[in-house]
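Structural overview for review
Listed below, chain by chain, are the residues.
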Amino acid sequence: MRSVLLTVTVACCGVLLTGCGNGKLTEAQHSALATLGTQLPKPYRDGLITDSAHRHGDDIVFVVRFPGATVAMAKAKPEVFEALRRDEDESITELCMEPALAPVYAAGGGVRRRFVDAKGAVFFEVELKAKHCTPH
């Protein structure tokens, strides 16, 4: 009976600790969104606009809009959008320096930039994991 009680206690503690970890990340995400969300929408670069930010699982997603492009245009000129994707793969690491996101990274969360056309159709998405922002 004692071993059953001990097993149940350990299992309950494990569930509670897991929940606390998720709570820490969720709290960090809400705090970051409260800070960064007040600045949106804002110009990003080269005519792009960061429209919004929201939580999606462990990540904060910044939605970046191409006001003058469509997914059809991207299909017609894939080399242009592939060059932009490569550039974004490198430049997203700049978000490691954003103070409002530091608690998100510390809690194991990440960030994504989702590039969409004027109607919300997705061109591509670039992802930044917490491990990319941790000094090695």
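Structure: above.
Attention here is on the structure that accompanies the text. (Residues numbered from 1 in each chain as written. Predicted model: local features only at pLDDT ≥ 70, side-chain atom pairs only at ≥ 80, totals over all residues. Heavy atoms only, no water.)

Concerning the state of the cysteines
Applying the stated criterion across every chain yields a total of one disulfide. Cys96 shares a disulfide with Cys133; S-S distance 2.0 Å. Measuring the twist about the S-S bond at about -75 degrees, one finds the Cys96-Cys133 disulfide to be left-handed. With Cys96 in the loop between α3 (78-91) and α4 (102-106) and Cys133 in the segment after β5 (122-128), this residue pair connects regions lying 37 residues apart in the sequence. With respect to class, Cys96 is no different from Cys133; both count as buried. (Disulfide = S-S within 2.5 Å. Helix = DSSP H or I, 4+ residues; strand = E, 2+ residues; numbered from the N terminus. Buried < 20%, exposed > 50% of the residue type's maximum accessible area, 1.4 Å probe, protein only.)

Section: the nonpolar core
If you look at the biggest cluster of nonpolar residues, it comprises 29 residues, and the most contacted ones within it are Phe66, Leu95, Leu101, Tyr105, Phe115, Phe123 and Leu128. Of all the elements in the fold, those that place two or more residues in this core are α1 (2-37), β3 (59-66), α3, α4, β4 (110-117) and β5. The dominant element in this core, judged by the number of residues it contributes, is α1, at five residues. For Phe66, the residues in contact, after removing those within four places along its chain, are Leu48, Phe81, Leu84, Phe115, Val116, Asp117, Ala118 and Phe123. (Core = buried A, V, L, I, M, F, W, Y, C linked by side-chain atoms within 4.5 Å. Contact = heavy atoms within 4.5 Å.)

Examining the side chain of Asp59
Here Asp59 lies in strand β3. Beyond its immediate chain neighbours, meaning those up to four positions away, Asp59 contacts Gln29, His54, Gly109, Gly110, Val111, Arg112, Glu127 and Lys129.

Details of the sheet that holds β3
In space, the five strands of this open sheet follow the order β1-β2-β3-β4-β5, with mixed pairing throughout. At either margin of the open sheet sits one strand with a lone partner, and together these are β1 (42-43) and β5. When β1 meets strand β2 (residues 49-56), the two strands line up antiparallel, connected through two bridges. Bridge pairing in β2 links Pro43 to Ile49. (Pairing = 2+ DSSP bridges.)

What about the environment of Met97?
Position of Met97 among the secondary structure elements: in the loop between α3 and α4. Between the alpha carbons of Met97 and Cys133 there is a distance of 8.3 Å; along the sequence they are 36 residues apart.

Brief notes about the packing of aromatic side chains
Taken as a whole and assessed by the stated rule, the structure comprises six aromatic pairs. Ring plane angle 15 degrees and centroid distance 5.0 Å describe the contact between Phe81 and Phe123, whose orientation is recorded as stacked. Placement of the pair is Phe81 in helix α3 and Phe123 in strand β5, with a sequence separation of 42 residues. Comparing Phe81 with Phe123 shows no difference in burial state: the two are buried. (Phe/Tyr/Trp six-rings, centres within 6.5 Å; stacked < 30°, edge-to-face > 60°.)

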